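Secondary and tertiary structure notes
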Amino acid sequence: MVCAVSDAPRLSVDGKLFRLGERRFYLKAVAYGTFAPNAGCGGLGFPSIERTKRDFAQIRQLAANAVRVYEAPPQWLLDLAFEHELKVFIDVPWGKHLCFLNSVRSRREALETVRRAARACAGHPAVFALSVANEIPADIVRWSGARAVTRFIDELIEEVKAVDARCLCTYSNFPPTEFLGPRLVDFVCFNVYLHQRASFSNYLARLQLLAESKPLVLGEFGIDSLREGEGRKCEILRWQIAETFAGGLAGTVEFSYTDDWWCGGQAIEDWEFGLTTRNRQPKPSFGVVRESFETASPKTLARYPRVTVVVASYNGGQTLEACLSSLEKLTYPDYEVILVDDGSTDSTPQIAQSHPKVRLVRHETNRGLSAARNTGIAAATGAIIAFTDSDCRADPDWLHYLVSDLLRSEFVGIGGPNLPPPEDPTLAAAVMAAPGGPAHVMLTDRQAEHIPGCNMAFYRSALVEVGGFDPIFRRAGDDVDLCWRLQQAGWNIGFSPAGFVWHYRRSTIGAYLKQQQGYGEAEGLLVRKHPENFNLFGGSVWRGRIYAGFNSGLLPVRSMIYRGRFASAGYQFIYSTTPPLNLLLCASLEYHGLVTLPLWVLSAVFPPLWPLAATSLALSVGVCVAAGVQAPLPKAKTRWWSRPLVSLLFFLQPIVRGWARFQSRLASRPAPSAAMEAIRLPPAHPGPPAGELAYWAETHLDRLSFVADLLHRLDAQHWPYKADAGWSDFDLEVHDTRWSKVQITTAAEAHSRGTTLLRCRLRRRWSLRAAAVFWLLGGFEFVVLSVLDDWQPWVWLALLSLPLFAWFLQRRAKRLHRRLAAILGAAAADWGLERLPVQRSSAEPARTPSLRKKPAKAPCQGPVQPPGRARSDAV
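Report follows, based on the coordinates. Numbering of residues begins from 1 in every chain and follows the order in which that chain's sequence is written. For this predicted model, a pLDDT threshold of at least 70 governs which residues receive local features, and a threshold of 80 or more governs which side-chain atom pairs are given and counted, while totals over whole chains, interfaces and linings are taken from all residues. With hydrogens and water stripped out, all remaining heavy atoms of the structure feed into the side-chain values.

**Examining the overall build of the protein chain**
Put simply, DSSP marks the helices as runs of H or I at least four residues long and the strands as runs of E at least two long, and each gets a number from the N terminus on. Broken down by element type, the protein chain carries 25 helices and 34 strands. Going through the 875 residues of the protein chain one by one, you find that 54% of them count as buried. Where accessible areas are quoted, they stem from the Shrake-Rupley method and a 1.4 Å probe; at the residue level, only the protein chains shown are allowed to cover. A total accessible area of about 38700 Å² is found for the protein chain, and carbon and sulfur atoms account for 58% of it. Burial classes: relative accessible area under 20% of the type maximum marks a residue as buried, over 50% as exposed, and values in between as partly exposed (1.4 Å probe, protein chains only).

So, in structure tokens, the structure goes:
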């Protein structure tokens, strides 16, 4: 048997779940003990060998595959467990109920106890994992400090890894110390006793977010037959097991196998949590757990709608083979895979041909990511369309979890985690810790504001309703735009914590910065289409929390823990307070351009400013160094250069991404079409163009239809514009080629006898490019003239160029204003409207009887675009 034991495979972490050899392992365990002290076991709380054999045989009848014990077991128990195909989840007991950090001796004893337990079971394949501590009391944690306790738990795990590097380790946490988050655990374990199904399910969703990329195990859950009754116990256990596996957890431990339970050397007589009586007679709950363990599976759905998986690839041959191979191994029963080759020039077509189950659709030229995904949508036959990238490798149960959570909710789309694969190189681990990677943004524990495009699925009907992906997003940003448009349409997006894909990170600094450049270009497009989601400098503003592999900010305000009165709360939460300043703003391009660079330029003219300029640069470098020090790097992939590299990426990323965003925002807009230039301008009147226009209708006028017709006219003449998406103070904003823009706002007044007065207000504005050039020109002239002042004082006359440039900008804005007034006039004439002098009063205006009497209805001009949806090529 020794040879068989040594050759048996050992458990390992596989993303959010576990793997045993070639198969997936879901923990289905019962708590075993503790029992009366047994002299034959050295005083440990385990039964005799014969009793244990019978118990293990009965536990196997439960369809359980593991037991949880609360002392380091003897070798014979591990061997018996191996014979019965059971894994052993081992808690290591030590004085965690004492203020153990107060004494060096207590710390050493705890470390030595854990070390002995690790040596006793090192390498044994029956071992599931070691829990280095179980439920450290909340008042002890408060006394010693949460950070100190967390660090000590990590020290205990390091002791185990030093003995047996492959042994899985965890800390068995519970709600009163939910805020403890040891970094070195292989999986997250929580003991949870909640008897209301909704509360239980919601709390598991919260724990999944706390677990992030690690598996989550329910370490204990049980019901007291004595107080709740056996009928109520059966009911709760049935839905508890179902919710556990449906929620994407890696396993559960039912407390307990038997009512025979000792604690502190005494038998506990007034609790009956067992599935069997003290003499091992099965209770009704025994049969319920057996049935639930046999049938509970994340792969069991009420129905299986057809799913189309779309992979858009442009020169992704390096990772495409692994991607397609993983998609062919999905366990979902009804799906198809469509590969859209977006004009690749590498081996993509040849790789696709080697996978006959994959349907290939090819673009002859590169049309961009959004266009490729839209092609996949058009070719899809599934009711649900899932998307992943060619640099991803899907988990076999990926679709099961996505579809299961989608069907159980009212969401129209759902996403999941994208995890770095174990084989990723060391440099990729540093890139993972750098800012700007793909991440999900959560509004609640279940609802997402954004899901990354490498792992998302939507109902086909919802995609069709919003028009699919916007083709202007060629490299990135398409997923952000789609999520925002779906939410603007009144729908919600969910998150499936166990529906994960492996996502290869960029393995070189150049590739990472090129990716960030693409993200910056996409943000430049997004800021014009969704301005409500961006701040003054073009940075995105999220309502939810970003879940990423990096620290999203260096916050000077510490998080707060709600402990309840005298640290007695059953559920103690950590709250991250909103800081007055995010210090990483000091590394942004805007900070460099508006603070550091001007200080250095001015210090050339005024030398006393150079210490301030040096301090500004040092602050930027300092926060990047601090971010590198705090980066959560995996220990196995940390080298001496890892943290300096992360610091460098924190410094370079905002500059590269911000510059690309700025360039994208300043990019030239479409040139005026011949139709635009041919517009006949209205006769010039003395003074500036009218800021308001008023039109009279003899019948009721539908303002929204008039605006929609106006958008149709602008489309026909290829005017670049942005329509209101629900957040603007105007109906549409029309742009000149680069220097000016005009905002049009309409309002309809209802008057007597069904007549209508339509008011149109036109406001001229400079474009971002115009404002940037004006102020940069002014700043440059001021610095240059300050240097040349002693040489020739008359050079200050060069400042006259600023009002001249302002006059040029105003002239362009007036010209655009007049053209739009002409378009409004033409539209009003076709609608049979009469132009009136603008009156500030709301009384019925005096007017001259019109010779034309037309009903105020839209002329027939083809399909009209509804207001509120911007033309894609104008954004």
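**Digging into the sheet that holds strand E22 (residues 447–450)**
Read from one edge to the other, the open sheet built from 10 strands follows the order E16-E15-E14-E17-E23-E19-E24-E22-E21-E26, with strand pairing classed as mixed. Among the strands making up the open sheet, the edge pair consists of strand E16 (358–363) and strand E26 (545–547). The average angle at which neighbouring strand axes cross in this sheet is 30°, direction not considered. Strand direction decides the pairing type here: strand E15 (residues 335–342) and E16, joined by six bridges, are parallel. When the sheet's bridge partners are listed, Ile 338 is paired in E16 with Arg 359. Two residues qualify as a contact provided that any one of their heavy atoms is within 4.5 Å of a heavy atom in the partner residue. Axis lines are fitted through C-alpha atoms, for helices just across the contact stretch, and the angle between N-to-C directions can take any value from 0 to 180 degrees. Of the strands in this sheet, strand E14 (307–313), E15, E16 and strand E17 (384–389) touch helix H11 (residues 317–328), which is tilted by about 165° from E15. In this scheme, strands are said to pair when DSSP sees at least two bridges between them.

**Quick notes on the packing of aromatic side chains**
Ring geometry is summarised as follows: Phe, Tyr and Trp rings, the Trp one being its six-membered ring, pair when their centres sit within 6.5 Å, and such pairs are stacked at plane angles under 30 degrees, edge-to-face over 60 and tilted between the two. Within this structure, the stated rule accounts for 29 aromatic pairs. The structure contains a cluster of three or more aromatic residues connected by ring pairs, namely Tyr 193, Phe 200, Phe 221, Trp 239, Phe 255, Trp 261, Trp 271 and Phe 273. Charge over a ring is defined by NZ of Lys or CZ of Arg lying within 6 Å of the ring centre and within 35 degrees of the ring normal. Here the basic side chain of Arg 68 rests over the ring of Phe 89, its NZ or CZ set 5.1 Å away from the ring centre. Against the face of Phe 469 rests Arg 373, its NZ or CZ located 5.7 Å from the ring centre.

**Notes on the pairing of strand E2 (residues 17–20)**
Residues of E2 alternate between two faces, with Leu 17 and Arg 19 on one and Phe 18 and Leu 20 on the opposite face, all of them buried. Pairing between strand E1 (residues 11–14) and E2: four bridges, direction antiparallel. Residue pairing across strands places Val 13 opposite Phe 18, the latter belonging to E2. In this antiparallel pair of consecutive strands, E1 and E2, the connection spans two residues, and Gly 15 shows a positive phi of 70°. Relative to strand E3 (residues 23–25), E2 runs antiparallel, the two sharing three bridges. Pairing of Arg 19 across the sheet is with Arg 24, part of E3.

**Focus on the side chain of Ser 642**
By secondary structure assignment, the location of Ser 642 is in helix H21 (residues 642–665). Filtering out sequence-adjacent residues up to four positions away, Ser 642 remains in contact with Thr 426, Ala 430, Leu 633 and Lys 637.

**Quick word on the sheet that holds strand E5 (residues 66–69)**
Taking strand neighbours around the barrel as the criterion, the eight strands line up as E4-E5-E6-E7-E8-E9-E10-E11 in a closed arrangement whose pairing is parallel. Between one strand axis and the next, the sheet turns by 25° as a mean value, whatever way the strands run. Its contacts with the sheet put helix H9 (residues 230–246) on strand E4 (27–31), strand E10 (216–221) and strand E11 (251–254), and the angle it makes with E11 is roughly 155°.

**Describing the pattern of salt bridges**
Any carboxyl oxygen of Asp or Glu that lies within 4 Å of a side-chain nitrogen of Lys or Arg is treated as forming a salt bridge with it. Taken as a whole and judged by the stated rule, the model has 45 salt bridges. For Asp 481, the salt bridge goes to Arg 485, with nearest N and O atoms at 2.9 Å. Placement of both Asp 481 and Arg 485 in helix H17 (residues 478–488) is noted, with a separation of four residues, approximately one turn of the helix. Like Asp 481, the residue Arg 485 is buried in the burial classification. Within the structure, one salt-bridge network assembled from shared partners comprises Asp 14, Arg 19, Arg 24, Asp 395 and Asp 397.

**Digging into the packing of helix H18 (residues 509–529) against H21**
It is the contact of H18 with H21, at a shortest axis distance of 7 Å, that shows an interaxial angle of 40°. The two elements H18 and H21 meet at a crossing, and its hand is right-handed. Here the term charged refers only to Asp, Glu, Lys and Arg, the term nonpolar to Ala, Val, Leu, Ile, Met, Phe, Trp, Tyr, Cys and Pro, and the term polar to all other amino acids, Gly among them. Its residues placed into classes, the contact of H18 with H21 shows 11 nonpolar, six polar and six charged. Throughout, a crossing is termed right-handed when the near helix is turned clockwise from the far one, and left-handed when it is turned anticlockwise from it by less than a right angle.

**Describing a nonpolar patch on the surface**
A cluster of nonpolar side chains, Trp 600, Trp 610, Leu 617, Val 621, Val 625 and Val 629, forms an exposed patch at the surface whose accessible area comes to about 550 Å². The dominant element in the nonpolar patch, judged by the number of residues it contributes, is helix H20 (residues 610–630), at five residues. When you line up the elements, Val 621 lands in helix H20. Residues qualify for a patch when their relative accessible area is over 30% and they have no salt bridge, like charges being joined within 9 Å and the nonpolar side chains of Val, Leu, Ile, Met, Phe, Trp and Tyr within 5 Å.

**Remarks on the packing of helix H23 (residues 703–716) against helix H25 (residues 801–830)**
Packing of H23 against H25 brings their axes to within 11 Å, and their N-to-C directions diverge by 125°. Taken together, the axes of H23 and H25 are oblique relative to one another. For the pair H23 and H25, the crossing hand works out as right-handed. Only Leu 820, Ile 823, Leu 824, Ala 826, Ala 827, Ala 828 and Asp 830 of H25 make contact with H23, whose side of the interface consists of Phe 706, Asp 709, Leu 710, Arg 713 and Leu 714. Note that the term roughly parallel is reserved for angles under 35 degrees, roughly antiparallel for angles over 145, roughly perpendicular for angles of 65 to 115, and oblique for everything else.

**Thoughts on the pairing of strand E32 (residues 740–750)**
The element E32 is extensively covered by neighbouring structure, given that eight of its 11 residues are classed as buried. Judged from the four bridges that link them, strand E31 (residues 732–735) and E32 form a sheet pairing that is antiparallel. Bridge assignment links His 735 to a residue of E32, and that residue is Lys 741. The hairpin formed by E32 and strand E33 (residues 756–766) contains five residues between the paired strands, and Arg 753 there has a positive phi angle of roughly 55°.

**Focus on helix H15 (residues 426–433)**
Extensive coverage of H15 is indicated by the burial of six of its eight residues. Buried within H15 we find Thr 426, Ala 428, Ala 429, Ala 430, Val 431 and Ala 433. Where H15 is buried, its residues contact H18 and H21.

**Focus on the state of the cysteines**
By definition, a disulfide is the covalent link that joins the sulfur atoms of two cysteine residues. Throughout, a disulfide means two cysteine sulfur atoms within 2.5 Å of one another. Tallying each qualifying case throughout the model produces zero disulfides. In this structure Cys 624 is a free cysteine whose sulfur lies 9.3 Å from that of Cys 586, the closest cysteine sulfur available. Since its relative accessible area comes to 2%, Cys 624 is described here as buried.

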